[in-house]
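# Breakdown of the fold
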Amino acid sequence: MAYSRKEIELTHKDYNENVNRWEYFIRSYNGGFDYMVGQYLNRYNLELDNEFNQRLANTPVDNHCKNIVQIYSSFLFRVKPSRVFGSIENDPSLESFLKDADLEGNSFDTVMKQAQNYSSIYGHVFLILDKPKVVTNTRAEELEQDIRPYISILTPENVLDWNFKRELNGKYSLDFLKIREEVDKDGGSYYRLWYPDRVDTVYMEDRGTEPQTIDTATNQIGRIPAVILYNSKSHKRGVGQSDLTDIADLQKAIYNEYSEIEQ
């Protein structure tokens, strides 16, 4: 399917309302250089750029955001989780998945802990299950090559658009998901658009060119394999509430007070 530039650049209204807040939360959690680049000091009237940059460089961050997230996470994961796998208990690929759930060497427990941390920071994250598009002749070949599902954590600033459809039984399910997967060294972006019946991969350069659909795959399970891990739910479907909503502002106030003391 061919897409227009407008279709690819279109973002959900809740994304537009929250994306700056999400950036503020992750910079508040990261601290250090990320926080300095965010320029969260109140600028003086008639203050020159070099004077403002000097204040940014000289002001330390008392990182309460990271402390709160890590304390809560350590409380949740102080006991190793136990899971019941039911009919897939003896599946040969299950052990491989639990040891390396994201194909980057992280165990399933580690991935879930990362997801919980990001959920605490942003308010929610998307977890999506995918499988490499590799054709094998037999199940034995698939196991030998470790071709299996893996899980990805999608932070909210990379989930550009989504839609929920209400089913006949009253349950809401995702029927559209647009993800920014990667930005290459030349500034071009790769997008993946999920539908219940297919998955489209689109590439778009930032030099005014139209997007190109570089791959279309059939979604064989008939649904979008994504769930939202909420920190706590808000009044908007698909958007959660961050633990840092008030703490980040408190941290910024202390940051500015440190600068005033220095002055």
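Above this text you will find the structure in question.
Described below are features of the structure shown in this document. Just so you know, these numbers come straight off a predicted model, no measurement behind them. (Residues numbered from 1 in each chain as written. Predicted model: local features only at pLDDT ≥ 70, side-chain atom pairs only at ≥ 80, totals over all residues. Heavy atoms only, no water.)

## Topic: the nonpolar core
Among the nonpolar cores identified, the biggest contains 42 residues, and Ile121, Leu177, Leu193 and Leu244 are the most heavily contacted of them. Sort the elements by how many residues they give to this core and helix α2 (residues 13-30) lands first, with six residues. Aside from chain neighbours lying at most four places away, what touches Leu177 is Phe126, Ile128, Val159, Asp161, Trp162, Arg192, Leu193, Trp194, Ile224 and Ala226. (Core = buried A, V, L, I, M, F, W, Y, C linked by side-chain atoms within 4.5 Å. Buried < 20%, exposed > 50% of the residue type's maximum accessible area, 1.4 Å probe, protein only. Helix = DSSP H or I, 4+ residues; strand = E, 2+ residues; numbered from the N terminus. Contact = heavy atoms within 4.5 Å.)

## Looking at the environment of Asp102
Mapped onto the secondary structure, Asp102 falls in the loop between α6 (92-99) and α7 (108-122). Take Asp102: its relative accessible area is 12%, and that puts it in the buried class. For Asp102, the contacting residues outside a window of four places in its chain are Val111, Tyr150 and Ile151. A polar contact of 3.0 Å, which involves the side chain of Asp102, links it to the backbone nitrogen of Glu104. Separated by 2.8 Å, the side chains of Asp102 and Asn106 make a polar contact. (Polar contact = N/O pair within 3.5 Å; in protein donor to acceptor, adjacent residues only side chain to side chain.)

## Side note on the side chain of Thr201
Relative to the assigned elements, Thr201 resides in strand β6 (residues 198-204). What makes Thr201 buried here is its relative accessible area of 11%. Sequence-distant contacts of Thr201, that is, excluding residues within four places in its chain, are made with Tyr191, Arg192, Gln212, Thr213, Ile214 and Asp215.

## Section: the sheet that holds strand β8 (residues 226-230)
Taken together, the three strands give an open sheet; going across it, the order is β2-β1-β8, and neighbouring strands pair in antiparallel fashion. Strand pairing shows two members of the sheet lacking a second neighbour, β2 (150-154) and β8, which therefore form its edges. Adjacent strand axes in the sheet meet at a mean angle of 25°, parallel and antiparallel pairs treated alike. Looking at chain direction, strand β1 (residues 124-130) and β8 are connected through five bridges and run antiparallel. Within β8, the residue paired with Phe126 across the bridge is Ile228. (Pairing = 2+ DSSP bridges. Axes fitted to C-alpha atoms, helices over the stretch in contact; angles between N-to-C directions.)

## Regarding the layout of surface pockets
Volume-wise, the largest pocket comes out at about 690 Å³. Asp130, Lys131, Pro132, Thr218 and Gln220 are the residues nearest the centre of the largest pocket, which is lined by 21 residues in total. Among the elements that make up the lining of the largest pocket, the one with the highest residue count is strand β7 (residues 212-218) (three residues). Taken as a whole, the second largest pocket spans an internal volume of roughly 480 Å³. Every residue lining the second largest pocket is counted, 20 residues in all, and those nearest its centre are Phe164, Lys171, Tyr172, Ser173 and Leu174. The set of elements that each furnish at least two residues to the lining of the second largest pocket consists of β3 (159-166), β4 (172-183) and β8. Counted by class, the lining of the second largest pocket contains nine nonpolar, three polar and eight charged residues. (1 Å grid on protein atoms, 1.4 Å probe; cavity = no way out; pocket = protein on both sides within 12 Å on 5 of 7 lines; lining within 4 Å. Points joined across faces, edges and corners; volume = space filled by probe spheres on them. Nonpolar A, V, L, I, M, F, W, Y, C, P; charged D, E, K, R; others polar.)

## Some details on helix α4 (residues 49-58)
Every buried residue belonging to α4 is among Phe52, Arg55 and Leu56, and all of these are buried. Down the axis of α4, the smallest arc covering the buried residues is 100°, so these residues share one side. Taken together, the buried residues of α4 touch α3 (32-38) and α9 (247-262). (Arc of directions from axis to C-beta.)

## Remarks on the pairing of strand β5 (residues 189-194)
Across the six residues that make up β5, a large majority, five, are buried. Inspection of the sheet shows β4 paired to β5 by six bridges, in the antiparallel sense. Residue pairing for β5: Leu177 is matched across the bridge by Trp194. Between β4 and β5, which pair antiparallel and follow one another directly, the connecting turn spans five residues, one of which, Gly187, has a positive phi of 95°. By the bridge criterion, six bridges tie β5 to β6 in an arrangement that is antiparallel. Residue pairing across strands places Trp194 opposite Val199, the latter belonging to β6. Linking β5 back to β6 in an antiparallel pair, the connection comprises three residues.

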